[in-house]
Amino acid sequence: MSQTTVICFANNKGGSGKSTTCCNVGYSLAAEGNRVLLIDGDMQMNLTLSFFDDEKSLELAKSGKNLYTAIKEERDLTPFILPTEYEGLELIPSSTLMSSIEFELFPKWQRELILRQGLKKIRQSGRYDYILIDAPPTLGCWVMNIMCASDYLIIPVEASPWGLFGIANMFEFYEQVQRIAPDLKLLGIAVTKVNERKNYVKQTMETLNALEDVTLFSTYIHTDSTIEWSQDNSKPVMAYKKNSRAAGEYLQLAKEVINYVNR
Ligand SMILES: Nc1ncnc2c1ncn2[C@@H]1O[C@H](COP(=O)(O)OP(=O)(O)OP(=O)(O)O)[C@@H](O)[C@H]1O
Ligand SMILES: [Mg+2]
């Protein structure tokens, strides 16, 4: 039975590329022959929308076949898994109702560990090589659940003037979570939405390089409108346009992720 590696994508800064990176690293890992489960942990349902159109996603949100119901009812997550149209890639969808997840968690016993418990059987089954979880842009009990259920954290950072604002809060939160989940490791920071005509990437890299004990992935994801087109078509970028720059960069990043996990 093979071991499952759980990786979450989190950053309290909104729009830093968490959902895009989770979707496209997940797709690339599956394209490399891995068995992958994606979990949408955000009420915005962006990861779900990356695979299903608006109508189907709303139907999933309303039907109860989603992560919100599973967490609220403290269920094993196995029955909530859906196939995607891609081999080796499955998904647990989110719901717009996730907006009240903090409220639902509040009275629960060991409320930071509900997701970890829900994933236990799936991990034990060895059914997946990787489970990737997309977090919302918040730092509360729910994101704590996501981190406590993970072996590794990847922080996507946008190369923009405000991209690093609040990153100190993110590190502080990660350290707090490590008290409950001491095995959680920061796998690395992934720099996204790089526009070489602007100078922010240099500034961003200088600031990030000055941080101690933090690994940066050497692959940067450049701004590429193909990403938005692929999302508009509910497809990962590699499935939408295999030869695009973004597809190549995400495959490269996924290979780095594999190497970092195995080192
Ligand atoms: N490399 C890229 N090139 C162009 N657009 C991008 C790229 N990466 C992400 N985007 C766009 O930037 C926006 C934010 O990306 P994304 O939704 O992945 O960030 P997020 O961190 O998940 O946001 P949130 O905090 O709201 O969950 C989206 O509209 C997405 O289409
Ligand atoms: Mg998102």
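Structure shown above.
Residues numbered from 1 in each chain as written. Chains lettered and ligands numbered in written order. Predicted model: local features only at pLDDT ≥ 70, side-chain atom pairs only at ≥ 80, totals over all residues.

1. With respect to the overall build of the protein chain
To be explicit about the condition: Working definition: helices are DSSP H or I runs of at least four residues, strands are E runs of at least two. Numbering for both runs from the N terminus. Counting other C-beta atoms within 10 Å of its own, a residue is labelled buried from 20 upward, exposed at 12 or fewer, and partly exposed in the gap between, with every C-beta atom placed from the backbone. Contact definition: two residues whose C-beta atoms, as placed from backbone geometry, lie within 7 Å.
When you go through the protein chain residue by residue, the secondary structure sums to 12 helices and 7 strands. Across its three principal axes, the protein chain shows a C-alpha extent of roughly 50 × 40 × 35 Å. Across the 263 residues that make up the protein chain, the buried fraction comes to 46%. Taking as baseline every contact in the protein chain between residues at least 6 positions apart, the subset at least 24 positions apart corresponds to 78%.

2. Quick notes on the sheet that holds strand 7 (residues 185-192)
Keep this limit in mind: A pair of strands is considered paired only if DSSP assigns at least 2 bridges between the two. Only the stretch in contact is used when a helix axis is fitted, and all axes are lines through C-alpha atoms; the angle between N-to-C directions ranges over 0 to 180 degrees.
Reading across the sheet, the 7 strands line up as 3-4-2-5-1-6-7 and stay open at both edges, with mixed pairing between neighbours. Bordering the open sheet on either side are strand 3 (82-83) and strand 7, each of which pairs with just one other strand. As paired strands, strand 6 (residues 152-158) and strand 7 are joined by 7 bridges and run parallel to one another. In the strand pairing of strand 7, Ile-154 is matched with Gly-188. Packing against the sheet, helix 12 (residues 245-262) makes contact with strand 1 (5-9), strand 6 and strand 7, and its axis sits at approximately 165 degrees to strand 7.

3. Brief notes about the site of ligand 1
Stated precisely, the cut-off is as follows: Using a C-beta atom placed from the backbone, a residue is described as near a molecule or strand when that atom lies within 6 Å of it. Charged residues are taken to be Asp, Glu, Lys and Arg, nonpolar residues to be Ala, Val, Leu, Ile, Met, Phe, Trp, Tyr, Cys and Pro, and polar residues to be all remaining types, Gly included.
The full set close to ligand 1 counts 21 residues, and Gly-14, Lys-18, Ser-19, Thr-20 and Pro-137 are the nearest of them. Among the elements of the structure, helix 1 (18-31) and helix 10 (225-232) are those that each provide at least two residues to the shell around ligand 1. Here the shell around ligand 1 is composed, by residue class, of 5 nonpolar, 11 polar and 5 charged.

4. Things to note about unusual backbone geometry
The phi dihedral of Glu-74 falls on the positive side, at around 50 degrees, and the residue is not glycine. Phi angles above zero are rare outside glycine, and Lys-193 is one such case at about 50 degrees. Assignment of secondary structure puts Lys-193 in the loop between strand 7 and helix 9 (200-209). According to the C-beta neighbour criterion, Lys-193 is buried, with 22 such atoms within 10 Å.

5. A word on the pairing of strand 7
Put simply, the rule reads: We call a crossover right-handed when, viewed with the strands running away from us, the connection from the first strand over the helix to the second turns clockwise.
Of all 8 residues making up strand 7, 6 are buried, and the element is well covered by its neighbours. The parallel pair strand 6 and strand 7, bridged by helix 8 (residues 167-180), forms a crossover whose chirality is right-handed.

6. Some points on the nonpolar core
The following threshold applies: Nonpolar cores are identified as sets of buried Ala, Val, Leu, Ile, Met, Phe, Trp, Tyr and Cys residues joined via C-beta atoms within 7 Å.
In terms of nonpolar packing, the biggest core is built from 74 residues, with Leu-132, Ile-146 and Tyr-250 touching the most fellow members. Leaving out residues up to four positions away in the same chain, Leu-132 has contacts with Ile-7, Phe-9, Cys-22, Val-25, Gly-26, Val-36 and Leu-38.

7. Some points on the environment of Gln-124
Along the chain, Gln-124 turns up in helix 6 (residues 114-125). Distance in space between the C-alpha atoms of Gln-124 and Thr-4 is 8.2 Å, their sequence separation being 120 residues.

8. Quick word on helix 12
Put simply, the rule reads: For a helix, the expected span equals 1.5 Å multiplied by the residue count minus one.
Over its 18 residues, helix 12 extends 26 Å from the first C-alpha to the last, a length consistent with the 26 Å expected when each residue adds 1.5 Å. Taken together, the buried positions of helix 12 are Ala-246, Ala-247, Glu-249, Tyr-250, Leu-251, Leu-253, Ala-254 and Val-257. Those residues of helix 12 hidden inside the fold are in contact with helix 1, strand 7, helix 10 and helix 11 (237-240).

9. Structural notes on the environment of Gln-231
Within the secondary structure, Gln-231 is located in helix 10. Sequence-wise, Gln-231 and Phe-51 are 180 residues apart; in three dimensions their C-alpha atoms are separated by 8.5 Å.

10. Overview of the packing of helix 1 against helix 12
Rules: When describing relative orientation, an angle under 35 degrees is termed roughly parallel and one over 145 degrees roughly antiparallel, while 65 to 115 degrees is termed roughly perpendicular and anything else oblique.
Two elements in contact, helix 1 and helix 12, have axes whose closest approach is 8 Å; the angle formed by their N-to-C orientations is 75 degrees. By the angle class used here, helix 1 and helix 12 are roughly perpendicular. On helix 12, the residues touching Asn-24, Val-25, Ser-28 and Leu-29 of helix 1 are Tyr-250, Leu-251, Leu-253, Ala-254 and Val-257. Classifying every residue of the contact of helix 1 with helix 12 by side-chain character gives 7 nonpolar, 2 polar and no charged.

Functional significance is not addressed by these values, which are geometric in nature.
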